[in-house]
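# Report on the structure
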Amino acid sequence: MEWSGIMLILTARVPKRRLIAGAVTAGCCCVALAVALIFTLGGRAVTASAEVKNVKDNDDRVAYLNTLGWEVGKQPIATEELLIPETFDDSYKQYLALQVEQGFDLTQYCGKRVKRYIYEISNHPNGETGAQAALLIYKNRVVGGQVQGEDGSFLHSLIRPAQMEGAEPSATPGTSAAI
């Protein structure tokens, strides 16, 4: 059985005025969407450095910490492999809240092995000696981290405040042992 080609042509007359009005409306919608995305994503970028990808080596980790305002040693002072628990008990509440505050969600990594790289900080705003930055890395991606006292005396987010004079840490001492 052979089909003969049937061609159907529809034509419509649309005044140029309506065409231009439609194009302007579509353009305004695109601009509004772009502005909304910038404000939404921009707010997240200010509060967090959430899940930075392509952190493949030590130079990338140091550069990441530098972008947050931290001056750190060229090499980590410790490297550890950790297992994120399958479930979090109450002892993790403050630590998880600290991570969420920064835009990290460790619950996505339950049961996964991550690497923790700890760097010595030389420019803590309070003049703290023994301050350390700890990064949690999963498959070349920063998935968490914190700034902590070498002795567990303080713990706060990776976000470096301009002035921390008199500021209280975000979590209580000893919480750094949670992860």
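In what follows, the structure referred to is the one given above.
Remember, predicted model here, so these are calculated numbers, not experimental data. (Residues numbered from 1 in each chain as written. Predicted model: local features only at pLDDT ≥ 70, side-chain atom pairs only at ≥ 80, totals over all residues. Heavy atoms only, no water.)

### Considering helix α3 (residues 93-101)
The condition is simple: Per-residue accessibility, obtained with a 1.4 Å probe over protein chains only, is compared with the maximum for each type, and a residue is labelled buried under 20%, exposed over 50%, and partly exposed between these values. Segments assigned H or I by DSSP are reported as helices when at least four residues long, segments assigned E as strands when at least two residues long, and all are numbered from the N terminus. The arc under discussion is defined with respect to the helix axis, by the directions toward the C-beta atoms. Contact definition: two residues touch when any of their heavy atoms are within 4.5 Å.
All of the buried residues along α3 are Tyr 95, Leu 96, Leu 98 and Gln 99. Considered in projection along α3, the buried side chains sweep an arc of 155 degrees and stay on one side of the axis. Exposed positions of α3 whose direction lies more than 90 degrees from the buried face are Lys 93 and Val 100. The secondary structure elements touched by the buried residues of α3 are β3 (131-137), β4 (142-149) and β5 (155-156). Gly 103 sits one or two residues past α3 and shows a positive phi near 95 degrees.

### Comments concerning the side chain of Asn 58
For the record, the criterion: As used in this structure description, the phrase polar contact means that two N or O atoms lie within 3.5 Å; if the pair is within protein, one of them must be able to donate a hydrogen and the other to accept it, and residues adjacent in sequence are counted only when both atoms belong to side chains.
For Asn 58, the position within the fold is in helix α2 (residues 58-67). Among the polar contacts listed, one links the side chain of Asn 58 to the side chain of Tyr 119, at a separation of 2.5 Å. For Asn 58, the contacting residues outside a window of four places in its chain are Lys 74, Gln 75, Pro 76 and Tyr 119.

### Here's the deal with the side chain of His 156
Along the polypeptide, His 156 turns up in strand β5. Within polar-contact distance, the side chain of His 156 engages the side chain of His 124 at 2.9 Å.

### Some remarks on the pairing of β4
Basically, it comes down to this: At least two bridges found by DSSP between two strands are what make those strands a pair.
Here β4 lies mainly inside the structure; eight of its eight residues are buried. The sheet contact formed by β3 and β4 spans seven bridges and is antiparallel. Bridging from a neighbouring strand, Ala 131 pairs with Gly 149 of β4. In this antiparallel pair of consecutive strands, β3 and β4, the connection spans four residues, and Lys 139 shows a positive phi of 50 degrees. Relative to β5, β4 runs antiparallel, the two being bridged by two bridges.

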